[in-house]
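Single-letter residue listing:
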Amino acid sequence: MQNEVSQTKPSGPVAASFIAAGIGSVVMGVLVIANDVSADVSNFLKFDANFGLGKGVGPLSGKVVLTVLAFLISWVILHLVLRGKEVNFTRALTIALVLVGIGFALTFPPIFEFIVGLFR
Amino acid sequence: MNLTDRELWAVIHGLVLGTLFLLAFGGGLAGLWSLRSRLVTEEGVVERTPRLVLGTSLMALVAWLTVITGTWIVYPWYRATPPADVDQKVQGAALEAYPRFWLLASDATKDWHNFGMEWKEHVAWIAPLLATAVAFAVAYYGATLIRRGDIRRGVMIFFTLAFVAAGVAGLFGAFITKAAPVS
């Protein structure tokens, strides 16, 4: 196994992309809750009306734009940090899966409605 | 035999792109699953790697196209607000052109929006993130992915989660379209 690993490219860049996807997922989940908790945040997230990104999409436009930006920016940063490095991929995958799991959970209506209820 | 513009986009978003996504997932997962040195010869790996890169890249591209068309083309029609003279509390003919409000007008259908659409519109966007990471990993390692069982396992897990996210969105999309079509 170790010999096989040494014969391939380092895993850092792949770990970076996986963790970045996890970060994007969490950002989506957090924005789903923030949108329901705060009217100010909800108004800000209307990127269609505020920045001309489409028409009639509402706060979803801001949620997805910020999610994609979080994914891309974190990917670039993590890639620069981890490029050329062999990392513990199992640990990186675990981190990524936890983040993705949080993202899934926070978009699940019974969970995000419960959390939103705590703020009201 | 005629489709309105809205129906055509709903078909492109849900049926055409959804079918491509399913095909790419099925082929990609089978390719990744069998990518083991005891199952494939070196020539076999070299032969199938371009197909695997293409399949996972196609899946990522289709995932992006699906959520972009869904969010910026179909969704505004779904959530459009009816004029003031349309009764929003009765599922009448005038409200049919406003699917979100039509669903919310009845206790029997409101959960299609409150649960189904609320989950679908958000969880769907996780799919392209995961699919892109998968496509990058497969393209990055290419034929040498067979030597990295740890990466291959991670790729398959992410690949499956991308499918689950898209599957949830697709399933609720189909149910919601059945209950209140965008037409």
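Residues numbered from 1 in each chain as written. Chains lettered and ligands numbered in written order. Predicted model: local features only at pLDDT ≥ 70, side-chain atom pairs only at ≥ 80, totals over all residues.

Novice: For the interface of chain A and chain B, give the residues involved together with the corresponding values.
Specialist: Contacts between the two partners involve 34 residues from chain A and, on the opposite side, 32 residues from chain B. For the side of chain A that touches chain B, the elements supplying multiple residues, two or more each, are helix H1 (2-6), helix H2 (12-37), helix H5 (59-82) and helix H6 (89-107) of chain A. In terms of residue count, the dominant contributor to the side of chain A that touches chain B is H2 of chain A (nine residues). Of the residues assigned to the side of chain A that touches chain B, the class counts are 18 nonpolar, 13 polar and three charged. (Contact = placed C-beta atoms within 7 Å. Helix = DSSP H or I, 4+ residues; strand = E, 2+ residues; numbered from the N terminus. Nonpolar A, V, L, I, M, F, W, Y, C, P; charged D, E, K, R; others polar.)

Novice: Explain the packing of H6 of chain A against helix H6 (residues 149-179) of chain B to me, and be specific about the residues and the numbers.
Specialist: Between H6 of chain A and H6 of chain B, the least distance of the axes is 10 Å, while the angle of their chain directions is 10°. As judged from the angle between their axes, H6 of chain A and H6 of chain B are roughly parallel. Contacts from Phe89, Thr90, Leu93, Leu97 and Val100 of chain A in H6 of chain A reach Asp150, Ile151, Gly154, Ile157 and Leu161 of chain B in H6 of chain B. Split into classes, the residues belonging to the contact of H6 of chain A with H6 of chain B amount to seven nonpolar, two polar and one charged. (Axes fitted to C-alpha atoms, helices over the stretch in contact; angles between N-to-C directions. Parallel < 35°, antiparallel > 145°, perpendicular 65-115°, else oblique.)

Novice: Before we move on, can you summarise the nonpolar core with the specific residues and values?
Specialist: Core analysis: the largest hydrophobic core is formed by 91 residues, its most contacted members being Leu130, Val134, Ala162 and Ala165 of chain B. Sequence-distant contacts of Leu130 of chain B, defined by excluding residues within four places in its chain, comprise Ala21 and Val100 of chain A together with Phe158, Leu161, Ala162 and Ala165 of chain B. (Core = buried A, V, L, I, M, F, W, Y, C linked by C-beta atoms within 7 Å. Buried ≥ 20, exposed ≤ 12 C-beta atoms within 10 Å, placed from the backbone.)

Novice: I'd like a description of helix H5 (residues 126-141) of chain B, backed by residues and values.
Specialist: Residue and element names in this part refer to chain B. If you check H5, its first and last C-alpha atoms are 23 Å apart, about what 16 residues at 1.5 Å a residue would give, namely 22 Å. Most of H5 is tucked away: 14 of the 16 residues are buried. Gly142 sits one or two residues past H5 and shows a positive phi near 55°. (Expected span 1.5 Å × (residues − 1).)

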